[in-house]
Amino acid sequence: MNNDIKKMSQEFQNRINEMAYLMWETAGRQQGMAMEYWLQAEKEVMSTAQRAAERMIPKAKNAPAAQAAAAKPAAAKPASAKTASANMPKTS
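Please read these numbers as outputs of a predicted model, since none were measured by experiment.

Concerning helix 2 (residues 34-56)
Here comes step 1: Its 23 residues give helix 2 an end-to-end C-alpha distance of 33 Å, which sits within 8% of 33 Å, the value for a rise of 1.5 Å per residue.
Here comes step 2: If you check which residues of helix 2 are buried, you get Tyr-37, Ala-41 and Val-45.
Here comes step 3: In this structure, the buried residues of helix 2 make contact with helix 1 (2-26).

Quick word on the packing of helix 1 against helix 2
Here comes step 1: Between helix 1 and helix 2, the shortest axis-to-axis distance is 8 Å and the interhelical angle comes to 130 degrees. Viewed along their axes, helix 1 and helix 2 adopt a mutual orientation that is oblique. As helix 1 runs across helix 2, the sense of the crossing is right-handed. In this structure, helix 1 contributes Phe-12, Gln-13, Arg-15, Ile-16, Asn-17, Met-19, Ala-20, Met-23 and Trp-24 to the contact, and helix 2 contributes Tyr-37, Trp-38, Gln-40, Ala-41, Glu-42, Glu-44, Val-45, Met-46 and Ala-49.
Here comes step 2: In the contact of helix 1 with helix 2, the residues fall into 12 nonpolar, 3 polar and 3 charged.

Focus on the packing of aromatic side chains
Here comes step 1: Taken as a whole, this structure holds 1 aromatic pair when the rule is applied.
Here comes step 2: Look at Tyr-21 and Trp-24: their rings are 5.5 Å apart centre to centre, the planes differ by 45 degrees, and that puts the pair in the tilted class. With Tyr-21 and Trp-24 both in helix 1 and 3 residues apart, the pair spans about one turn of that helix.
Here comes step 3: Judged by relative accessible area, which is 42%, Tyr-21 ranks as partly exposed.
Here comes step 4: Residue Trp-24 is classed as partly exposed on the basis of its relative accessible area of 23%.

Cut-offs and rules
- Residues numbered from 1 in each chain as written.
- Predicted model: local features only at pLDDT ≥ 70, side-chain atom pairs only at ≥ 80, totals over all residues.
- Heavy atoms only, no water.
- Helix = DSSP H or I, 4+ residues; strand = E, 2+ residues; numbered from the N terminus.
- Expected span 1.5 Å × (residues − 1).
- Buried < 20%, exposed > 50% of the residue type's maximum accessible area, 1.4 Å probe, protein only.
- Contact = heavy atoms within 4.5 Å.
- Axes fitted to C-alpha atoms, helices over the stretch in contact; angles between N-to-C directions.
- Parallel < 35°, antiparallel > 145°, perpendicular 65-115°, else oblique.
- Left-handed = near helix turned anticlockwise from the far one by under 90°.
- Nonpolar A, V, L, I, M, F, W, Y, C, P; charged D, E, K, R; others polar.
- Phe/Tyr/Trp six-rings, centres within 6.5 Å; stacked < 30°, edge-to-face > 60°.

Structure representation (C-alpha cells):
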C-alpha cells in the first residue's frame, strides 16, 4: 500500500510539473515565475482530481446524514412557543 501512495504522489508531481512547464511556455517563458506556475498547476491538477473523485464516489455518500435526518421525528415546538405566537397581537 505504501508503494501505491508513493506512485500516486509521483504521478501528481509529474502532472503538476508538466502543466507548470506548459504554462511557462505559453506565457512566453517568463523568468522568475516558477513558483507561481507551479502553484497554479498544483491547484488545477488537484481540483481536477477532486472532481474526478467526486464523480467516482456514489451520491450515497450523503445518504447516511439524509437517512438520519429522515428517521428523526419532526421536532415539536414547545407549548409556550405555540401559545405565544397564537396570542401575539396582529398588526396591519
